[in-house]
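Listed below, chain by chain, are the residues.
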Amino acid sequence: MKSKKPKLVQAQSKQKQTKKNLNLDKQVQLEARNQENLDRDSTSTTNLQVSSEIPTHPPTEPLLYQKNNYFTPTATAAPIVSSLRAQLRKDQWDKDPSGLGFFLHQAKGKPSNIIEHYITNSGDISLLPWDEALQIIDKFGLLTAKLHLIFAAHTMRQENPWESKFTLKASDIGTELGWDKRTDLNQFQKLTEIAKAAFALGCLTIQATWVEGQGTKQVECSVQTSRMWETIVDVRGGQLNLNRKIDEPTEVYITIRPGLWTYAFLNRAGYEAKKALYQFGYLAQDLLKIDLYHDELALRLGLHLTVESRFHVSGLYKVQTLLEALLPKTIIDEARLHRDKARKLTNRWNHALEVLLRLKRAFQIEFDSATYPEELRPGSKTRKPRGYFEQLLAAKITILPPAPIPELIMTKAKPLPVRSQSSPTQSLSKSQKVETPVNSTNELSGPQIRQARKAKGWSQVKLAGWLGVTQAFISHVEKGNRPLSKEMEAKLKKLLEIQD
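Draft legend 1. Quick look at the overall build of the protein chain. Counting its regular elements, the protein chain contains 20 helices and 17 strands. Split into buried and exposed, the 500 residues of the protein chain put 51% on the buried side. Sequence separation of at least 24 residues holds for 72% of the intrachain contacts in the protein chain that already meet a minimum separation of 6. Approximately 25,000 Å² of the protein chain is accessible, and the part contributed by carbon and sulfur atoms is 50%.

Draft legend 2. Representation of the packing of helix α12 (residues 329-337) against helix α13 (residues 339-358) in the model. Remark: α12 packs on α13, axes separated minimally by 5 Å, with the N-to-C direction vectors making an angle of 125 degrees. It follows from the interaxial angle that α12 and α13 lie oblique. In the crossing of α12 with α13, the sense of the turn from one axis to the other is left-handed. Touching Ile331, Ile332, Glu334, Ala335 and Leu337 of α12 are Arg339, Lys341, Ala342 and Leu345, all from α13.

Draft legend 3. Highlighting the packing of aromatic side chains. Taken as a whole and assessed by the stated rule, the structure comprises six aromatic pairs. Ring centres of Phe151 and Trp229 lie 5.5 Å apart, and the angle between their planes is 80 degrees; on these two criteria the pair is classed as edge-to-face. Of the two residues, Phe151 sits in helix α4 (residues 142-155) while Trp229 sits in strand β10 (residues 229-236), which places them 78 residues apart along the sequence. Owing to a relative accessible area of 0%, Trp229 belongs among the buried residues under this scheme. Taken together, a centroid distance of 4.8 Å and an interplanar angle of 70 degrees make the contact between Phe367 and Tyr372 edge-to-face. Tyr372 shares its class with Phe367; the two are buried.

Draft legend 4. Quick look at α4. Look at α4: 20 Å from first C-alpha to last across 14 residues, which is about the 20 Å you get at 1.5 Å a residue. Counting buried residues in α4 gives 14 out of 14 residues, a clear majority hidden from the surface.

Draft legend 5. A look at the sheet that holds strand β4 (residues 114-119). Here five strands make up an open sheet; going across it, the order is β2-β3-β4-β6-β9 and the pairing antiparallel. Only two strands of the sheet have a single neighbouring strand rather than two, namely β2 (94-95) and β9 (223-227). Inspection of the sheet shows β2 paired to strand β3 (residues 101-106) by two bridges, in the antiparallel sense. Paired with Asp94 across the strands is Phe102, a residue of β3. Sitting on the sheet, helix α2 (residues 78-88) is in contact with β3, β4 and β6 (204-209), with an inclination near 50 degrees to β4. The strands that helix α3 (residues 130-137) touches are β2, β3 and β4; relative to β4, the one it contacts most, it runs at about 95 degrees.

Draft legend 6. Up close: the sheet that holds strand β5 (residues 166-169). Taken in spatial order, the three strands of this open sheet run β5-β13-β10, and their pairing is antiparallel. Edge positions in the sheet fall to β5 and β10, since each has one partner strand and no second. Strand-to-strand, the axes of this sheet are offset by a mean angle of 25 degrees, without reference to chain direction. Both β10 and strand β13 (residues 251-258) contribute to a ladder of eight bridges, which runs antiparallel. Its bridge partner being in β13, Trp229 is matched across the sheet by Pro258. Each of β5, β10 and β13 is contacted by α4, which is oriented at about 130 degrees to β5, the strand it contacts most.

So, how was this worked out
- Residues numbered from 1 in each chain as written.
- Predicted model: local features only at pLDDT ≥ 70, side-chain atom pairs only at ≥ 80, totals over all residues.
- Heavy atoms only, no water.
- Helix = DSSP H or I, 4+ residues; strand = E, 2+ residues; numbered from the N terminus.
- Buried < 20%, exposed > 50% of the residue type's maximum accessible area, 1.4 Å probe, protein only.
- Contact = heavy atoms within 4.5 Å.
- Areas by Shrake-Rupley, 256 points an atom, 1.4 Å probe, with all protein chains shown as cover.
- Axes fitted to C-alpha atoms, helices over the stretch in contact; angles between N-to-C directions.
- Parallel < 35°, antiparallel > 145°, perpendicular 65-115°, else oblique.
- Left-handed = near helix turned anticlockwise from the far one by under 90°.
- Phe/Tyr/Trp six-rings, centres within 6.5 Å; stacked < 30°, edge-to-face > 60°.
- Expected span 1.5 Å × (residues − 1).
- Pairing = 2+ DSSP bridges.

Geometric values such as these leave the question of function open.
Printed below as a string of structure tokens:
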């Protein structure tokens, strides 16, 4: 772990300290008042203890996924992304100069935008020193990451997103995680694991120096210390042990409300449209059911792509970029130095891709023919060449979420104009521009679609992602084996800029 806090953060911390001293009392009072209001409606405590016997059950939210509904919106604004990474990359937590455990997230395109996460007590907003914070950080991982996105999806369903509290049953969460088919834990253990994960999320806080937008459209989103999630864990049934904690609970009710940071990050347009934190992607049901033990890297990759897909719509990555986002750098460096470790990491990577491709609603993956040779791809039996690991790191791959997620995202983010090498109007002469021949039906042909797609520099996978269909569908259309509906033809003309 790093030994010193970055200079930028030290400077930012000094600038914030005066403001923090003035506002902290007011902040704590507001947090306390909100906690008091939350406590009125849920009489359990966040440390999994029971305060009294309550015969009635609180109203709970329905499951995220109903019949034939396999995707749900989930927030992917900067604090959601940074806190997800704080859970997945425990190796990047550090000790700040004052001895507190912290996680630093810095915007790639705007280094002055920073988010810091700390660990707080369950009962108040006081931040924990490193040794105590580690006890909570150790509870973070793939389960809390899944639960984090489930919370972010449920809050967007509320009548007043990011303001209303809501209650989930741990048994329902277990169903959403696919744990109803898990046999290594009994029901009591499943409920307890989910309760512990919810408790850990309630200890995660955020501080942010952040500005959204550019120029005159900038919005100040900076945040003083706030919990990411207010959580109360209400354990029911079972037997009280000597420490007044429940053994073998029959149900756990988790009441959640987003922290005060949301008031800073809610933009006015998004708020009025009731699209809380207008920045959102879609969470696939199948992703939540990936085994967090046997398919750990696949789950890490899927969670990462879920929050990336909103602003990385092309889906094009270098393998090294993805691996560095998912794993400690030391693992990659060791693989570069040792043949056996390179082989093991390559096998882990290929297995992760295979898992995403095997899902019922599979991720759409395309390997770049120029940089990603056949012998490095999953399932290849060909002997790998000398120096193959460096070649793998440099290889390019396009990974898009399952259809129709790319199309759903497209409705919220219009495709940006493509630069010279990709734009048909810039890269082709007038005589080469793609036009529909004048005929009575004015139907698109397969070669026309292929020519227009290649003129934009798009792969079949990318076009399929924009349309919310599979790559196989595009292939059949371009070969003339699949007729087009009028609606699909209109979409293709608009997207590929084919003139009538």
